[in-house]
Amino acid sequence: EAICELANSGSITSTTVMVNMPYYEDIKELRDSVPKNLFSIGLHFNITQGKPISEQEEIRSLVDKEGNFFSPKRLRYRILAGRISLSEVQKEFTAQYERLAKLVGVVDHVDSHNDILKYRSTMKAVLSSKILNTESYLGFRTYNKTFIKQGVNTVHFSEPRISTLNIFGVKRVFIESVLRFNRKRADKKLKMCHGFLLDESMRALATLKFLTQLSQDLKSHSKVYEICCHPAKNPSDVPDTTLSATR
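Please read all numbers here as calculations on a predicted model, not as lab measurements.

**Q** Any chance you could explain the sheet that holds strand β5 (residues 145-150) here in plain terms?
**A** Backbone hydrogen bonds hold the strands of a sheet together, and the pairing may be parallel or antiparallel. Read across the open sheet, the four strands follow the order β6-β5-β8-β9; overall the sheet is mixed. Strand pairing shows two members of the sheet lacking a second neighbour, β6 (155-158) and β9 (225-226), which therefore form its edges. Bridging between strand β8 (residues 195-198) and β9 involves two bridges; their strand directions are parallel. Bridging across to β9, Phe196 finds its partner in Glu226. Against the sheet, helix α8 (residues 204-212) engages β5 and β8, with an angle of about 45° to β5.

**Q** Explain the packing of helix α5 (residues 120-127) against helix α7 (residues 165-186) here, please?
**A** The description of two packed helices rests on the angle between their axes and on the distance between the axes. Viewed as axis vectors pointing N to C, α5 and α7 meet at an angle of 5°, and their least axial separation amounts to 11 Å. On the basis of their axis angle, the class for α5 and α7 is roughly parallel. Judged by residue contacts, Arg120, Met123 and Leu127 of α5 engage Val178, Phe181, Asn182, Arg185 and Ala186 from α7.

**Q** Looking at this structure, how should I read the packing of aromatic side chains?
**A** Each aromatic ring pair is specified by the distance between its two centres and by the angle formed by the two planes. Here the structure, examined in full by the defined rule, presents four aromatic pairs. Taken together, Phe45, Phe93 and Tyr97 form an aromatic cluster joined through their ring pairs.

**Q** In this structure, what is going on with helix α3 (residues 72-80)? I would like to understand it.
**A** Because each turn of an α-helix spans 3.6 residues, side chains separated by three or four positions end up pointing in the same direction. Those residues of α3 not exposed but buried are Leu75, Arg76, Arg78 and Ile79. Seen from one end, α3 has its buried residues packed into an arc of 160°, which puts them on one side. For α3, exposure combined with an orientation more than 90 degrees from the buried face picks out Lys73, Tyr77 and Leu80. A positive backbone phi angle near 70° is found at Gly82, which sits one or two residues after α3.

**Q** Looking at this structure, I do not really get the nonpolar core. What am I missing?
**A** Side chains of nonpolar character tend, in soluble globular proteins, to be buried together. Of all hydrophobic cores here, the largest spans 47 residues; its most connected members are Leu100, Leu132 and Phe140. When contributions to this core are tallied by element, the ones reaching two or more residues are α1 (2-9), α2 (27-33), β2 (40-45), α3, α4 (86-104), α5, α6 (130-134) and α7. Broken down by element, this core gets its largest block of residues, six residues, from α4. Once residues within four sequence positions are removed from consideration, Phe140 is found in contact with Val110, Leu117, Met123, Val126, Leu132, Leu190, Lys191, Met192 and Cys193. Within the second largest apolar cluster, seven residues are counted, among which are Val155, Phe210, Leu211 and Leu214.

Reading the values: the criteria
Position labels on residues start from 1 in each chain and follow its written sequence. Local features in a predicted model are, by the rule used here, given only for residues with pLDDT of at least 70; side-chain atom pairs are given and counted only at 80 or more, and totals for whole chains, interfaces and linings are based on all residues. Where side-chain values are given, they derive from all heavy atoms of the structure, hydrogens and water being excluded. At least two bridges found by DSSP between two strands are what make those strands a pair. Helix and strand assignments follow DSSP, with helices taken as H or I runs no shorter than four residues and strands as E runs no shorter than two, numbered in order from the N terminus. Two residues form a contact once any of their heavy atoms are found within 4.5 Å. For helices, the fitted axis covers only the stretch in contact; all axes are lines through C-alpha atoms, and the angles between them, taken along N-to-C directions, range from 0 to 180 degrees. Convention used here: angles under 35 degrees read as roughly parallel, angles over 145 as roughly antiparallel, angles from 65 to 115 as roughly perpendicular, and any remaining angle as oblique. Pairs were defined over the aromatic rings of Phe, Tyr and Trp, the Trp ring being its six-membered one, requiring ring centres within 6.5 Å. Orientation was assigned from the angle between planes: stacked under 30 degrees, edge-to-face over 60, tilted for the rest. Only protein chains enter the calculation, and the probe is 1.4 Å; a residue is then buried if its accessible area is under 20% of its type maximum, exposed if over 50%, and partly exposed in between. Directions drawn from the helix axis to the C-beta atoms are what define this arc. Note on terminology: a nonpolar core comprises buried Ala, Val, Leu, Ile, Met, Phe, Trp, Tyr and Cys residues joined through side-chain atoms within 4.5 Å.

Put into structure tokens, the structure is as follows:
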């Protein structure tokens, strides 16, 4: 409801859909009410919650005995242990993509539930799908983080790299280096944003408030960033949670 209200008011310009969940067909009403050139709809690829679109027998490595997707924690373990079939990931991705395309026509971008596409194996499976070989206009979420800070006369953007090791620490620099490598590989096929934009607090609401208080106009900045938020009718409806390395 909040997404529809904000989309119709022009406050947000895109959303993503989990097509294996209840009420996913409501997206068609939103698609019909907002001009396509003003609002984009993407796939929130999901293999960690609910049941798959594909037949259970066709994706055995992704579901439990009841036919439900494994929990995020268990799926991550199976990914790292090499116990999932990449062809099965690809099959379910194709099924979810085609279901959404049938509803809204053009699917503009792709991201994933529980950030499951930040793993190299799942990303590789999706990137090698026939759909992405033909739909090169697709936007695709990257999981890098860029930090924004207000200077005296300008706004500073910084990424965790070797040169900023003393600021971000070894763990953050290592994680971001791996994610940057994945982004560059995907960027050869898809339109990748530069990453998540955060202020130093790494809190979603604090970042949004910081951006609204900036004295500089950022429209001339050449890179495209994603601002992490779940829309709500009122800011008090959104918990000010810390963004961990997996969020």
